[in-house]
Amino acid sequence: MSLRSRMFPKATIGTYLVAMAVAIAVPIFAFVTLLLLQLEDNQRDTLRRETAQDALALSRSVDRQLQDMATTLRLLATSPELEHSDYASFHQRTETALRGDTLYVIATDKDGQQLLNTRRDFGTQLGKMSNLTALKYAMDSGRIEASNVFQGSTSGEWVYNVTMPVQTGNAAALIITQNAKDLAKMLQPEGLAAGWSAAVIDQSGHVVASGGPFAIEPGTAFDPRILPSLIASRGVFEDRKILPDQLLGYAQIPGWSWKTVIWGPISTAQASILTTWRFLIIGGIALLAVAVFAAYAVARQVRTTIRDIAEMANRMGEGHIVAPIDTSVVEANQVAVALSNASFDRSQTEDRLHFVMNELVHRTKNLLTLAQAMMRQLAKQADSVEGFQAAVAERLDGLVRSIELLTSEQWAGASLRRVVDIHLDAFPQAVEQIEIIGKDFMLKPEAVQNLGLTLHELATNSVKYGALSIPEGRVTFSWQEVEVENQTEPMLRFIWRELSGPAVKAPERSGFGTTVIKMHAAAAFRGTVQVDYLAEGLLWVLTATRSTLARD
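The present account deals with the structure reproduced in this document. (Residues numbered from 1 in each chain as written. Predicted model: local features only at pLDDT ≥ 70, side-chain atom pairs only at ≥ 80, totals over all residues. Heavy atoms only, no water.)

1. Quick look at the sheet that holds strand β15 (residues 474–482)
- Spatially, five strands are ordered β13-β15-β16-β18-β17 in an open sheet, and the strand pairing comes out mixed. Only two strands of the sheet have a single neighbouring strand rather than two, namely β13 (434–437) and β17 (528–534). Recorded for the sheet is a direction-independent mean angle of 10° between the axes of neighbouring strands.
- Pairing geometry for β15 and strand β16 (residues 491–499), over nine bridges, is antiparallel. Bridging across to β16, R474 finds its partner in L499.
- Lying over the sheet, helix α11 (residues 416–424) contacts β13, β15 and β16, oriented at roughly 170° with respect to β13. (Pairing = 2+ DSSP bridges. Helix = DSSP H or I, 4+ residues; strand = E, 2+ residues; numbered from the N terminus. Axes fitted to C-alpha atoms, helices over the stretch in contact; angles between N-to-C directions. Contact = heavy atoms within 4.5 Å.)

Written out as structure tokens, the structure reads:
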């Protein structure tokens with residue numbers, strides 16, 4: 001027994017249809033499972049990317065807050081009250097301006113002694129500020145700096161400072177301070193799945209402010225196992241041992257020493273995948289059962305129909321013209337009709353094949369005759385073998401372009417504009433110098449060849465000797481219907497006009513190009529050709545009946 005017989009033993013169509021249903025359903029089920037696994041990976045990648053982007057967006061929000069505070073400090077530093085050490089007026093003005101922003105201003109000398117603090121009434125005895133380290137750092141750097149989070153001695157709360165060194169009166173630094181809990185109000189990770197939290201971490205690794213269901217208290221050290229990994233400007237941290245089923249995104253706040261972090265459970269963001277998995281398993285089993293049952297039912301119906309169609313095909317194979325049969329299966333009836341039509345079409349196809357072969361022979365003879373005449377004419381004028389080869393190749397290129405166009409249209413003709421474009425495309429350096437004017441219409445196959453040959457010759461001569469040989473030259477090719485005396489048929493006039501080219505003079509002898517644009521064009525279209533070598537450029541005019549050119 002052969003391998004094929006062992007793999008495909010003799011069985012009823014019902015058996016094979018059921019097997020086919022299983023063979024189709026199982027790979028589909030496996031493929032969808034693979035797609036879901038891929039989707040799960042893609043969704044996790046998307047979650048990583050979005051987490052990093054959300055951390056960056058949060059860092060920008062915090063940056064705007066810090067920048068606003070820095071801008072406020074710059075404005076306050078220019079206050080005339082501060083410059084004249086009028087701290088009472090400065091205190092009153094600043095406290096009134098910042099009352100609704102939960103921001104407070106401190107002015108200190110170089111040793112950290114508070115000169116005023118808008119958290120307290122002016123005149124209250126004040127000591128040194130709590131965070132002298134941050135003051136020294138800002139004064140040493142000479143820039144506006146954000147401090148680490150610390151517990152303020154005046155407020156008794158976790159606060160942070162934005163410090164700007166100044167040189168105004170007795171003041172050495174201006175400070176804006178804010179409670180950490182007020183900063184936490186803006187740390188709500190909108191757009192993330194439920195259960196995600198956010199925090200701002202200072203340079204020492206302590207939490208400045210935090211928000212969300214797993215918010216961390218200000219001043220708490222962030223997980224030291226994670227902090228060493230947050231070294232890039234932004235990114236994602238994922239470690240199943242440290243953060244089981246969780247993802248953390250972080251971003252450095254540009255221009256400041258703080259970072260923002262966002263973290264939360266991956267499962268809440270991928271809940272839709274779990275639901276899809278359940279539907280896949282249940283739906284896959286149900287689909288397999290329905291497929292097996294449907295295959296068995298169809299097999300019983302199709303068995304007789306296949307036998308009838310097979311008999312009909314056998315008779316057709318013997319050369320008979322068969323009539324369609326009527327079965328209970330619509331598709332089988334369509335096959336029967338197709339077989340019947342095929343038996344009738346076979347003889348027509350054979351006749352059509354003979355016709356195409358005859359037409360091909362006719363076209364080939366015409367093309368060979370034209371090529372032969374062209375080479376004879378060029379051979380008379382050639383000065384060398386190389387010149388003859390170049391001239392033949394150049395003219396054959398124009399002929400090939402027409403043949404390719406006709407072949408694409410199944411030798412049914414082509415539009416005039418396509419003929420013009422395809423031949424002028426052979427001269428890409430001069431396309432912008434040529435203007436085409438005229439209403440498009442369909443040309444006969446013969447007109448496509450003859451007009452294409454003429455156009456190619458006109459453009460070739462112009463590129464070599466005429467207006468297209470210099471950048472300043474211009475060519476206009478136009479056509480329109482005209483009335484000609486003593487002509488009852490509609491007439492067409494084609495005009496090739498060259499302007500702004502080199503000096504024009506009539507050729508001393510009539511070459512192949514002149515023969516094509518004059519005698520060949522006139523004979524091919526049974527019309528008249530006018531060629532004038534005017535001072536401003538060559539003028540070529542073809543007047544012919546529309547019937548010799550246009551396809552009905």
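Alright, that's what it looks like, and here's the rest.
2. Notes on the pattern of salt bridges
- If you walk through the whole model with that rule in mind, you get ten salt bridges.
- Measuring nitrogen to oxygen at the nearest pair gives 2.5 Å for the salt bridge that ties R48 to D45. Of this pair, R48 and D45 both sit in helix α2 (residues 13–77), separated by three residues, roughly a single helical turn.
- By relative accessible area, which is 25% here, R48 ends up partly exposed.
- Via salt bridges that share partners, D45, R48 and E238 belong to a single interconnected network. (Salt bridge = Lys/Arg side-chain N within 4 Å of Asp/Glu carboxyl O. Buried < 20%, exposed > 50% of the residue type's maximum accessible area, 1.4 Å probe, protein only.)

3. As for the pairing of β17
- As judged from the seven bridges shared by β17 and strand β18 (residues 537–545), these two strands associate in the antiparallel manner. Opposite V529, over in β18, you have L542 as the bridge partner.
- Between the antiparallel neighbours β17 and β18 lie two residues.

4. Description of the sheet that holds strand β7 (residues 197–201)
- Pairing is antiparallel in the open sheet, where five strands are placed in the order β8-β7-β11-β10-β9. In the strand order of this sheet, the two ends are held by β8 (207–211) and β9 (234–237), each with one partner. Strand-to-strand, the axes of this sheet are offset by a mean angle of 20°, without reference to chain direction.

5. Comments concerning the side chain of H91
- With respect to the helices and strands, the residue H91 is situated in helix α4 (residues 87–97).
- With residues near it in sequence (within four places) discarded, H91 still touches L116, N117, T118, R120, D121 and F122.

6. Brief notes about a nonpolar patch on the surface
- Taken together, the side chains of F31, L34, L35 and L37 define a hydrophobic patch exposed on the protein surface, amounting to about 390 Å² of accessible area.
- Its location among the elements puts L37 in helix α2. (Patch = residues over 30% accessible without salt bridge, like charges linked within 9 Å, V, L, I, M, F, W, Y side chains within 5 Å. Areas by Shrake-Rupley, 256 points an atom, 1.4 Å probe, with all protein chains shown as cover.)

7. Some details on the pairing of strand β6 (residues 171–179)
- Among the nine residues that make up β6, nine are buried, leaving the element largely enclosed by the rest of the structure.
- The pairing of strand β1 (residues 104–108) with β6 spans five bridges and is antiparallel. Along β6, the bridge assignment pairs T108 with A173.
- Count of turn residues in the strand β5 (residues 158–168)/β6 antiparallel hairpin: two residues, of which G169 carries a positive phi of about 60°.

8. Things to note about the environment of A215
- For A215, the position within the fold is in the loop between β8 and β9.
- In this structure, A215 is in contact with S197 and S210, ignoring residues within four places of it in sequence.

9. Some points on the nonpolar core
- Ranked by size, the top nonpolar core spans 43 residues in total, and within it L66, Y160, V162, L174, W256 and W258 carry the most contacts.
- Counting residues in hydrophobic clusters, the runner-up holds 35 residues, among them I436, A447, V475 and W479. (Core = buried A, V, L, I, M, F, W, Y, C linked by side-chain atoms within 4.5 Å.)

10. Details of unusual backbone geometry
- Even without glycine at this site, D245 takes up a positive phi of about 55°.
- Residue position: D245 is located in the loop between β9 and β10 (246–252).
- A relative accessible area of 37% places D245 in the partly exposed class.
- Its identity is not glycine, yet R526 carries a phi of approximately 50°, on the positive side.
- In this fold, R526 is placed in the loop between α13 (512–524) and β17.
- Since its relative accessible area comes to 63%, R526 is described here as exposed.

11. Structural notes on the environment of P324
- As for its position among the elements, P324 is in the loop between α8 (271–317) and α9 (330–381).
- The partly exposed category is assigned to P324, whose relative accessible area is 44%.
- Considering only alpha carbons, one finds P324 and Q334, ten residues apart in sequence, at a separation of 8.8 Å.
- Ignoring any residue separated from it by four or fewer positions in sequence, one finds P324 in contact with M312, A336, V337 and S340.

12. Quick look at the packing of α11 against helix α12 (residues 445–464)
- With their axes 9 Å apart at the nearest point, α11 and α12 run at an angle of 40° to one another. Considering the angle they form, α11 stands oblique to α12. Between α11 and α12 lies a crossing of right-handed hand. For the pair α11 and α12, the contacting residues are L416, V419, V420, H423 and L424 in the first and V448, L451, G452, L455, H456 and A459 in the second.
- Residue composition of the contact of α11 with α12, grouped by class: eight nonpolar, three polar and no charged. (Parallel < 35°, antiparallel > 145°, perpendicular 65-115°, else oblique. Left-handed = near helix turned anticlockwise from the far one by under 90°. Nonpolar A, V, L, I, M, F, W, Y, C, P; charged D, E, K, R; others polar.)

13. Some words on the packing of aromatic side chains
- On inspection of all chains with the given rule, the structure shows six aromatic pairs.
- With a centroid separation of 6.0 Å and 55° between ring planes, the pair formed by F477 and W496 is classed as tilted. Remark: W496 occurs in strand β16 and F477 occurs in strand β15; sequence separation between them is 19 residues. The burial state of F477 is the same as that of W496; both residues are buried.
- An aromatic cluster is defined as three or more aromatic residues linked by ring pairs; in this entry it consists of F477, W479, F494 and W496. (Phe/Tyr/Trp six-rings, centres within 6.5 Å; stacked < 30°, edge-to-face > 60°.)

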